[in-house]
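A closer look at the structure
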Amino acid sequence: QILCLAEYIRFVSHVEDAIKNREGLVDLNEKLLLKLQSLTYSDLSGDPITQLKATALILDVIRQREVVDTLIKNRASELDSWVWQKQMKYYSEINDALPHICHCTIRMSSAEINYSYEYQGNQAKLVHTPLTDKCYLNLTQAMHFGFGGNLFGPAGTGKVRMQSQVADCQNVVQFL
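A quick note: this is a predicted structure, and the numbers were derived from the prediction, not measured.

**Examining the packing of aromatic side chains**
Tallied over the full model, the rule gives one aromatic pair. Both rings, one in tyrosine 8 and one in tyrosine 90, keep their centres 4.6 Å apart while their planes meet at 25 degrees; by these two values the pair is stacked. Of this pair, tyrosine 8 sits in helix α1 (residues 2–20) while tyrosine 90 sits in strand β1 (residues 89–94), placing them 82 residues apart in sequence. Like tyrosine 90, tyrosine 8 is buried. Taking NZ or CZ as reference, lysine 89 lies 5.6 Å from the ring centre of tryptophan 84, over its face. Positioned over the ring face of tyrosine 91 is arginine 107, at 4.3 Å from the centre of the ring.

Below, the structure is given as structure tokens:
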């Protein structure tokens, strides 16, 4: 969980630096490809917990490459570009009152949510699709404005799992 959080924070920092440097996104995409190759070629046959961590990292790197590809395709050149603003972004920020303590903030569009650091263990992740992006955005905006959210659709399509995944990303406890 902490490993994935640190990777999210690092990814956001790298993307924002790359957006400022016009050709940086292409270089970042190449670095992510090398990272993906390194993770997929690793021998993880022994420890099931290490396999679960590696699988989570692999899914995250695949998602990160998709985000960078989208930014390149849409020629995102500024941090306030909608293509970048609609992504769930993690930031490590220094607390002014306690400068030796950092806290994590999650931003997505106009929403800003403090990461709650609730330990939830190593859980399997969902594969990201355009529909999951829309659900993340809608549920995050609802939480930001003090509302809840409930996805609607046929049985067995992953609605509860999606809501749980959004709660996991923001590290908040969810009651169903």
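**Structural notes on helix α3 (residues 48–73)**
Taking 1.5 Å of rise per residue, the 26 residues of α3 would be expected to cover 38 Å, and the 37 Å separating its terminal C-alpha atoms lies within 8% of that figure. Along α3, the positions that sit buried rather than exposed are Ala54, Ala56, Leu57, Ile58, Asp60, Val61, Arg63, Gln64, Arg65, Val67, Val68 and Leu71. Each element contacted by the buried residues of α3 is listed here: α1, α2 (24–40), α4 (82–85) and α5 (130–144). Arginine 75 occupies a position one or two residues after α3 and carries a positive phi of about 55 degrees.

**Focus: the sheet that holds strand β3 (residues 111–114)**
With respect to topology, three strands assemble into an open sheet ordered β1-β2-β3, the strand pairing being antiparallel. Either end of the sheet is taken by a strand with one partner, and the two such strands are β1 and β3. Averaged over all pairs of adjacent strands, the angle between their axes in this sheet comes to 30 degrees, without regard to strand direction. Bridging between β1 and strand β2 (residues 102–108) involves six bridges; their strand directions are antiparallel. Paired with isoleucine 94 across the two strands is cysteine 102, which belongs to β2. Along the sheet face, α1 touches β1 and β2 and points at about 95 degrees away from the line of β1.

Procedures and definitions
- Residues numbered from 1 in each chain as written.
- Predicted model: local features only at pLDDT ≥ 70, side-chain atom pairs only at ≥ 80, totals over all residues.
- Heavy atoms only, no water.
- Phe/Tyr/Trp six-rings, centres within 6.5 Å; stacked < 30°, edge-to-face > 60°.
- Helix = DSSP H or I, 4+ residues; strand = E, 2+ residues; numbered from the N terminus.
- Buried < 20%, exposed > 50% of the residue type's maximum accessible area, 1.4 Å probe, protein only.
- Lys NZ or Arg CZ within 6 Å of the ring centre and 35° of its normal.
- Expected span 1.5 Å × (residues − 1).
- Contact = heavy atoms within 4.5 Å.
- Pairing = 2+ DSSP bridges.
- Axes fitted to C-alpha atoms, helices over the stretch in contact; angles between N-to-C directions.

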